[in-house]
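Here is how the chains run, residue by residue.
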Amino acid sequence: AQKVTQAQTEISVVEKEDVTLDCVYETRDTTYYLFWYKQPPSGELVFLIRRNSFDEQNEISGRYSWNFQKSTSSFNFTITASQVVDSAVYFCAREGNSGGYQKVTFGTGTKLQVIP
Amino acid sequence: NAGVTQTPKFQVLKTGQSMTLQCAQDMNHNSMYWYRQDPGMGLRLIYYSASEGTTDKGEVPNGYNVSRLNKREFSLRLESAAPSQTSVYFCASNPTGSNQPQHFGDGTRLSIL
């Protein structure tokens, strides 16, 4: 199985600190997509970002930024100046074609707690 | 905009009871999915449906059946619930072949005693 590994199970930071959530993936595909989802305490899953394997440009969206490095099969997520509302479980996922359908493999998630 | 709607939100069953979890989407998506989320294991795919009338097994299909009733609806059935099926179940959908992100429902928290 082509795994997605989020080695950090839980992280605690003090508000306004920067924090990076790591994601390492395995893939045999040439073309694939990477995602980050946020699951706040209310339980719903919120899409944050999608990157395709041909686009290694880093992306910034407000306080969020993503660093995609194909050479190390990593797609890390940084929150700058963290806020209490960032407290959530964050999932990294990889999507590739498997037997005719787009198989999405999720990591096990990183629980982020931002302490006021 | 409703997006993906799951019912019920919570359910408690006794071992051996049957139950159908309902999912409906109003985004005209072709593909629909059922996942289960367990502590420390992320989301695991149970079944998926690439289009109306087709369904296929995912990673953990044992103990479940699905029905793609029409383009909007994709139900998950537990014929004889077991405690190991205690989990949070998520339904998701996206357009087929577009590699677009999946849109998730709010989840169904299912406890089996």
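Above this text you will find the structure in question.
We now turn to the structure provided with this report. (Residues numbered from 1 in each chain as written. Chains lettered and ligands numbered in written order. Predicted model: local features only at pLDDT ≥ 70, side-chain atom pairs only at ≥ 80, totals over all residues. Heavy atoms only, no water.)

1. Section: the sheet that holds strand β8 (residues 74–78) of chain B
Residue and element names in this part refer to chain B.
Piece 1. The strand order across the open sheet built from four strands is β1-β3-β8-β7, with neighbouring strands paired in antiparallel fashion. In this open sheet, the two strands that pair with only one neighbour each are β1 (4–7) and β7 (64–68). Across the sheet, the mean angle separating the axes of adjacent strands is 15° when strand polarity is ignored.
Piece 2. Direction of pairing for β1 relative to strand β3 (residues 19–25): antiparallel, over a ladder of four bridges. (Pairing = 2+ DSSP bridges. Helix = DSSP H or I, 4+ residues; strand = E, 2+ residues; numbered from the N terminus. Axes fitted to C-alpha atoms, helices over the stretch in contact; angles between N-to-C directions.)

2. Some words on the side chain of Ser 75 of chain B
Piece 1. You can see Ser 75 of chain B is positioned in strand β8.
Piece 2. The exposure class assigned to Ser 75 of chain B is buried, which follows from its relative accessible area of 8%. (Buried < 20%, exposed > 50% of the residue type's maximum accessible area, 1.4 Å probe, protein only.)

3. Observations concerning the state of the cysteines
Piece 1. Here the structure, examined in full by the defined rule, presents two disulfides over all chains.
Piece 2. Here Cys 23 of chain A connects covalently by a disulfide to Cys 92 of chain A, the sulfurs 1.9 Å from one another. Between Cys 23 of chain A and Cys 92 of chain A, the S-S dihedral sits near -65°, and the bridge is therefore left-handed. Of this pair, Cys 23 of chain A sits in the loop between β3 (19–21) and β4 (24–25) while Cys 92 of chain A sits in strand β10 (residues 88–98), and the two are 69 residues apart along the sequence.
Piece 3. Taking relative accessible area as the criterion, Cys 23 of chain A reaches 0% and is therefore assigned buried.
Piece 4. Sulfur-sulfur distance for the disulfide between Cys 23 of chain B and Cys 91 of chain B comes to 1.9 Å. Taking the torsion about the sulfur-sulfur bond, which here is approximately -75°, the covalent link between Cys 23 of chain B and Cys 91 of chain B counts as left-handed. Highlighted residues: Cys 23 of chain B in strand β3 and Cys 91 of chain B in strand β9 (residues 87–94), separated in sequence by 68 residues. The burial state of Cys 23 of chain B is the same as that of Cys 91 of chain B; both residues are buried. (Disulfide = S-S within 2.5 Å.)

4. Some thoughts on the packing of aromatic side chains
Piece 1. All chains considered together, the criterion is met by 19 aromatic pairs over all chains.
Piece 2. Plain terms: the ring middles of Tyr 37 of chain A and Phe 106 of chain A are 5.8 Å apart, the flat faces sit at 45° to each other, and that makes the pair tilted. Remark: Phe 106 of chain A occurs in strand β11 (residues 101–106) and Tyr 37 of chain A occurs in strand β5 (residues 33–39); sequence separation between them is 69 residues.
Piece 3. Take Phe 106 of chain A: its relative accessible area is 7%, and that puts it in the buried class.
Piece 4. With 5.9 Å between their ring centres and 65° between their planes, Tyr 64 of chain B and Tyr 89 of chain B make a pair best called edge-to-face. With a gap of 25 residues between them, Tyr 64 of chain B in strand β7 and Tyr 89 of chain B in strand β9 connect regions that are remote in the sequence. The same class applies to Tyr 64 of chain B as to Tyr 89 of chain B, namely buried.
Piece 5. Taken together, Phe 35, Tyr 37, Phe 47 and Phe 106 of chain A together with Tyr 33, Tyr 35, Phe 90 and Phe 104 of chain B form an aromatic cluster joined through their ring pairs. (Phe/Tyr/Trp six-rings, centres within 6.5 Å; stacked < 30°, edge-to-face > 60°.)

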